[in-house]
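Examination of the molecular architecture
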Amino acid sequence: MGAHAPRQGLPVPLKGAGRVKDTPRNQEWLLALLPVFPIVLLVMRLWYASRQDTQTLLLLLQSISPLGLLSSVLLTTMWVLPVLILGGRILGTLYWLSTGRSSWLVRTAERLPGWVVVLAAVVGMFSWQLRFLPTLMMLSLTVAGLTVRDRFPDHEGLRAAVCYVLPVMVAALSYAVLWPVIGASFAARDLATLLLLTLPPGLTVLLTGPVPRAPARILTHGIAIAMAVFTPFLVGVVVMRAPILPLMALQMTEKEVPRVLVGYLVASDDQMSTVLGREGAVSFVQNDRLQSKVLCPDPGEVPRTWVNLHGWYVEQSVVSWLAPARSAAPVDPRCQGRPVD
């Protein structure tokens, strides 16, 4: 072997990029763990719904369709994935531009294809609420600016256009379009919505360049680790609150006295209906005692703010805003536990 031959296992510089390619590692165990997290979430959701009662949990597992459980997890990941993909791309590229060193965060950002990043931004545009769209715009423009700095370091005109001119123009357009809802949130004293609508567009131009070399690792890797730690908990909280059963109000006769049972319908057949009450108690109701049934709205669907942009409420996504709206109707008194004649 020659004296100048590279040693096996040492990092080899990538041609034309100046980055270091590390030796591939055995990470198949990560792929094996991917299905585990949704399964754990589904079991914990049923455990939470059963109020930690094992027999009720077994009843729910026997009666509930897995597709209904998976839908709540999929709907949750629809808005979580854009955060992880765009955030990982930003932090990895930012660390490389600031230090010129490789790390697990830089390698993760490199392995994200451009079409995946674009698809994540498109998914976020349709699935995120109106008040979060300025943040999505900030993340997307930051990815574009850092990518141009990384791949075209000698094109000063392109860098100035993407990193400075474009963010300023988009910020001005954003403020012009969102001005009515910004004023409405200020009048309603909705501070959280006001900050989400005003801060991200103005901060975009400050995030398209490198940071000082000394705090770069702590800043980028600290944020990445915080995202990796807190995202599962955030997803878990959302899934725990997501409805998995239809909320029904059943009016029945009990000793010739009308009575209303409000709860989640677990199963129903020709003879009996199984209802899970809000307190976790399971009731078996014979169908010949039933007078009427009504589907009740989910209490979680009640908006917490009425701030809107021409009828587009800040808690609505693009999909929910464009979808046909259900006509407003008064709440059925049976959903409030009161029988009707």
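Scroll up for the structure.
Residues numbered from 1 in each chain as written. Predicted model: local features only at pLDDT ≥ 70, side-chain atom pairs only at ≥ 80, totals over all residues. Heavy atoms only, no water.

1. Here we look at the overall build of the protein
Note the threshold: For the purposes of this entry, the term helix denotes a DSSP run of H or I that reaches at least four residues, the term strand denotes a run of E that reaches at least two, and both are numbered from the N terminus. Each residue is assigned to one of three classes by its accessible area relative to the maximum for its type, calculated with a 1.4 Å probe on protein chains only: buried under 20%, partly exposed between the two thresholds, exposed over 50%. Contact criterion: two residues are considered in contact whenever any of their non-hydrogen atoms come within 4.5 Å of each other.
The secondary structure content of the protein amounts to 11 helices and 9 strands. When burial is assessed residue by residue, the protein has 36% of its 341 residues classed as buried. When contacts within the protein are restricted to residue pairs at least 6 apart in sequence, long-range pairs at least 24 apart make up 64% of them.

2. As for the sheet that holds strand β4 (residues 257-268)
Definition in use: Pairing between two strands requires that DSSP report at least two bridges joining them. Axes here refer to lines fitted to C-alpha atoms; in helices the fit is confined to the stretch in contact. Angles between the N-to-C directions go from 0 to 180 degrees.
Pairing within the open sheet is antiparallel, and its 5 strands lie in the order β6-β5-β4-β3-β7. Looking at the sheet topology across the chains shown, the edges are occupied by β6 (282-286) and β7 (290-295). Averaged over all adjacent pairs, the angle separating strand axes in this sheet is 45°, with direction ignored. In the sheet, β4 pairs with strand β5 (residues 272-277) via 5 bridges, with the strands oriented antiparallel. Paired with S268 across the strands is S273, a residue of β5.

3. Remarks on helix α9 (residues 191-203)
An α-helical turn contains 3.6 residues, so a residue and the one three or four places further along point in the same direction. How we decide: Expected span of a helix, by definition, is 1.5 Å for each gap between consecutive residues, and there is one gap fewer than residues.
Spanning 13 residues, α9 covers 18 Å between terminal C-alpha atoms, matching the ideal 18 Å at 1.5 Å per step. Taken together, the buried positions of α9 are occupied by T193, L194, L197, P200 and P201. Those residues of α9 that are buried lie in contact with α7 (133-151) and α8 (156-187).

4. Considering the packing of aromatic side chains
The cut-off we apply is this: Two rings belonging to Phe, Tyr or Trp (six-membered ring only in the last case) form a pair when the distance between their centres is within 6.5 Å. Interplanar angles under 30 degrees mark stacking, angles over 60 mark edge-to-face geometry, and anything in between is tilted.
Under the criterion given, the structure shown has 2 aromatic pairs. Measuring from ring centre to ring centre gives 5.9 Å for W306 and Y313, while their planes differ by 75°; the resulting arrangement is edge-to-face. The exposure class of W306 is exposed, given its relative accessible area of 60%. Summarising the aromatic geometry, the rings of W312 and W321 are spaced 4.5 Å apart at their centres and angled 5° between planes, so their arrangement reads as stacked.

5. Comments concerning the state of the cysteines
Keep this limit in mind: Two cysteine sulfur atoms form a disulfide, by the criterion used here, when they sit within 2.5 Å.
Scanning the entire structure with this criterion turns up 1 disulfide. The disulfide partner of C296 is C335, and the S-S distance across this bridge is 2.1 Å. Taking the sign of the S-S torsion, -95° for the link of C296 and C335, the bridge is left-handed. Of the two residues, C296 sits in the loop between β7 and β8 (308-309) while C335 sits in the segment after α11 (318-322), which places them 39 residues apart along the sequence.

6. Regarding the packing of helix α2 (residues 36-49) against helix α10 (residues 213-241)
The cut-off we apply is this: Each angle is binned into one of four classes, with values under 35 degrees roughly parallel, values over 145 roughly antiparallel, values of 65 to 115 roughly perpendicular, and all other values oblique. With the far helix as reference, a near helix turned anticlockwise by less than a right angle produces a left-handed crossing, and one turned clockwise produces a right-handed crossing. Any residue outside Ala, Val, Leu, Ile, Met, Phe, Trp, Tyr, Cys, Pro, Asp, Glu, Lys and Arg is labelled polar, Gly included; the first ten of those are nonpolar and the last four are charged.
Orientation of α2 relative to α10, taken along the N-to-C sense of each, is 45°, at an axis distance of 9 Å. Here α10 runs oblique to α2, going by the angle between their axes. Between α2 and α10 the crossing geometry is right-handed. In this structure, α2 contributes F37, L41, M44, R45 and Y48 to the contact, and α10 contributes P232, V235, G236, V239, M240 and R241. Partitioned by chemical class, the residues of the contact of α2 with α10 number 8 nonpolar, 1 polar and 2 charged.

7. With respect to the nonpolar core
Here is the rule we go by: The term nonpolar core refers to a set of buried residues drawn from Ala, Val, Leu, Ile, Met, Phe, Trp, Tyr and Cys, joined through side-chain atoms within 4.5 Å.
Ranked by size, the top nonpolar core spans 26 residues in total, and within it L130, L133, L178 and V181 carry the most contacts. Those elements that provide at least two residues to this core are α4 (66-99), α6 (114-127), α7, α8 and α9. Ranked by residues supplied to this core, first place goes to α7 with 6 residues. Counting residues in hydrophobic clusters, the runner-up holds 9 residues, among them L57, L60, I244 and L276.

These figures come from the coordinates and say nothing about function on their own.
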